[in-house]
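Given next are the chains, with one letter for each unit.
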Amino acid sequence: MRANVLWQRACSQSERSLNSGALVPLGTELIDGPGFFPFVLRRLTDPTPKHLSSGGPKPNPFLPWEQDLEVARLGSSHGLILNKYPVQQAHVLLISQDWQPQSGWLTTLDWQAVAQVARDTDGLWFFNSAARAGASQPHRHLQLLPRQKGEQSCPLEPALLSQLAGSSPSWPWKYALSRRQPGIDHRDLEGHYLDHAAQLGLGNPMSDLQPKASHNVLFCDRWYLTVVRSQEHCAGFSVNALGYAGYLLATEKSDLDWLAMHGPQALLEAVAPGW
């Protein structure tokens, strides 16, 4: 069983950051609807933060990051900090300490840092590669939503595992899905990353300066998913990697009637190219 030391540290730091005002949790409410299941749809009840109000990366807040948000330094290459606008308690960002573009290739150092955190704490990892994929900042960062051992990582996990078992049809958008083997190793993670890039026509870091298309990466202990993206917005919804995990957030600009009529899968299909 993993120690969850970093998760516990993130929770403690969250309390201190709330008291200092460095952390700004967003108020939301759950929206139920028969056509939304298994997606979890929440409506923002606070004013829309700037990073959700329009597409594209904003001025970089990570260099330097707010010290009140720091959870841990991972050697000289990466830091683990709290997301200033968390979607849950202990929502953390894994940040490269030196400048690296969000739109560039993830590197061996990035995957080594992910593996270091993952050996301590279970959870759902996700990465938004560029503005079209929902990235709000231009500096390299992956995100982690911690989970208890055995806890379902996200609402669409049963569908993902069903696809891997060959018992449900694939989705119409362009994506690659692989089963992960037990154990946390950066070579396993990096291998899936490069294999999916090749399958999806994203290129290779040995020959391409950056990936050939925007994309989302999501993974946990059981599976690894890459989705190619064509745009960030549809029907007033901003969709990042969490959309493909089954989490959607509505703001005052979101067309809930459109979503009720067409369904969440139509939203995901609208912001990703097909095969």
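Data block above holds the structure.
A brief look at the structure comes next. (Residues numbered from 1 in each chain as written. Predicted model: local features only at pLDDT ≥ 70, side-chain atom pairs only at ≥ 80, totals over all residues. Heavy atoms only, no water.)

Describing helix α1 (residues 5–20)
An α-helical turn contains 3.6 residues, so any two residues separated by three or four positions project in the same direction. Between its terminal C-alpha atoms α1 stretches 23 Å, which fits the 22 Å expected from 16 residues at 1.5 Å a residue. Within the span of α1, buried status applies to L6, W7, A10, C11, Q13, S14 and S17. Check the buried side of α1 and you find it contacts β3 (70–74), β4 (78–82), β5 (92–96), α3 (108–118) and β7 (141–146). After α1 finishes, the residue G21 shows a positive phi value of roughly 90 degrees. (Helix = DSSP H or I, 4+ residues; strand = E, 2+ residues; numbered from the N terminus. Expected span 1.5 Å × (residues − 1). Buried < 20%, exposed > 50% of the residue type's maximum accessible area, 1.4 Å probe, protein only. Contact = heavy atoms within 4.5 Å.)

Considering the sheet that holds strand β1 (residues 28–31)
Across the sheet, three strands lie side by side as β1-β2-β13; this open sheet has mixed pairing. Each edge of the open sheet is held by one strand with a lone partner, namely β1 and β13 (247–250). Shown here is a sheet whose adjacent strand axes are inclined to one another by a mean of 30 degrees, direction ignored. Note: β1 against strand β2 (residues 40–44), four bridges, orientation antiparallel. By the bridge assignment, E29 is partnered in β2 with R43. (Pairing = 2+ DSSP bridges. Axes fitted to C-alpha atoms, helices over the stretch in contact; angles between N-to-C directions.)

Notes on the pairing of strand β10 (residues 223–228)
Of all the six residues making up β10, six are buried; the element is thus mostly covered by neighbouring parts of the structure. Residues W223, L225 and V227 line one face of β10 and the alternating positions Y224, T226 and V228 line the opposite face, and both faces are buried. The pairing of strand β8 (residues 175–179) with β10 spans five bridges and is antiparallel. Residue pairing across strands places S178 opposite Y224, the latter belonging to β10. Note: strand β9 (residues 215–219) against β10, five bridges, orientation antiparallel. Of the residues in β10, the one forming a bridge with F219 is Y224.

Regarding the pattern of salt bridges
Throughout the structure, instances matching the rule amount to ten salt bridges. In this structure, R2 engages D221 in a salt bridge whose closest nitrogen and oxygen atoms are separated by 2.8 Å. Taken as a pair, R2 in the segment before α1 and D221 in the loop between β9 and β10 lie far apart in primary sequence, 219 residues in all. Classification of D221 by relative accessible area gives partly exposed; the value is 26%. The closest approach of N and O atoms between R73 and E70, which form a salt bridge, is 3.1 Å. Using a relative accessible area of 19% as the deciding quantity, one classes E70 as buried. Here the residues in one salt-bridge network are R2, D122 and D221, joined through shared partners. (Salt bridge = Lys/Arg side-chain N within 4 Å of Asp/Glu carboxyl O.)

Observations regarding the packing of aromatic side chains
What describes a pair of aromatic rings is the distance from one ring centre to the other and the angle between the planes of the rings. Summed over all chains, the structure comprises nine aromatic pairs. With centroids separated by 6.0 Å and ring planes inclined at 5 degrees, the aromatic side chains of W125 and F219 adopt a geometry described as stacked. Linking W125 in strand β6 (residues 123–128) with F219 in strand β9, this pair joins segments that are 94 residues apart in sequence. Across this residue pair, the class does not change: W125 and F219 are buried. Taken together, a centroid distance of 5.5 Å and an interplanar angle of 50 degrees make the contact between W171 and Y175 tilted. Aromatic rings pair up to connect W105, W111, W125, Y193, F219 and Y224 into one cluster. (Phe/Tyr/Trp six-rings, centres within 6.5 Å; stacked < 30°, edge-to-face > 60°.)

Some details on the packing of α3 against helix α5 (residues 186–199)
The geometry of α3 relative to α5 is characterised by a closest axis approach of 8 Å and an angle of 130 degrees between their N-to-C directions. In terms of orientation, α3 and α5 fall into the oblique class. The crossing of α3 and α5 is right-handed. Residues T108, W111, Q112, V114 and A115 of α3 lie in contact with α5, whose contacting residues are H186, L189, E190 and Y193. Residues of the contact of α3 with α5, tallied by class, amount to five nonpolar, three polar and one charged. (Parallel < 35°, antiparallel > 145°, perpendicular 65-115°, else oblique. Left-handed = near helix turned anticlockwise from the far one by under 90°. Nonpolar A, V, L, I, M, F, W, Y, C, P; charged D, E, K, R; others polar.)

Some details on the environment of Q148
Position of Q148 relative to the elements: it lies in the loop between β7 and α4 (157–164). Between the C-alpha atoms of Q148 and T121, which are 27 residues apart in sequence, the distance is 8.3 Å.

Focus on the nonpolar core
L94, W111, V114, V117, W125 and F219 are the most contacted members of the largest nonpolar core, which totals 42 residues. Setting aside residues no more than four positions away along its own chain, W125 makes contact with L94, V114, V117, A118, L142, Q143, L144, V217, L218 and F219. The next biggest cluster of nonpolar side chains, apart from the first, holds 32 residues, and it includes F126, F237, Y244 and A245. (Core = buried A, V, L, I, M, F, W, Y, C linked by side-chain atoms within 4.5 Å.)

Let's talk about the side chain of T226
Tracing the backbone shows T226 in strand β10. A polar side-chain atom of T226 sits 2.9 Å from a polar atom in the side chain of H196. Residues contacting T226, with those up to four places away along its chain left out, are K174, Y175, A176, H196, L200, L202, H215, N216 and V217. (Polar contact = N/O pair within 3.5 Å; in protein donor to acceptor, adjacent residues only side chain to side chain.)

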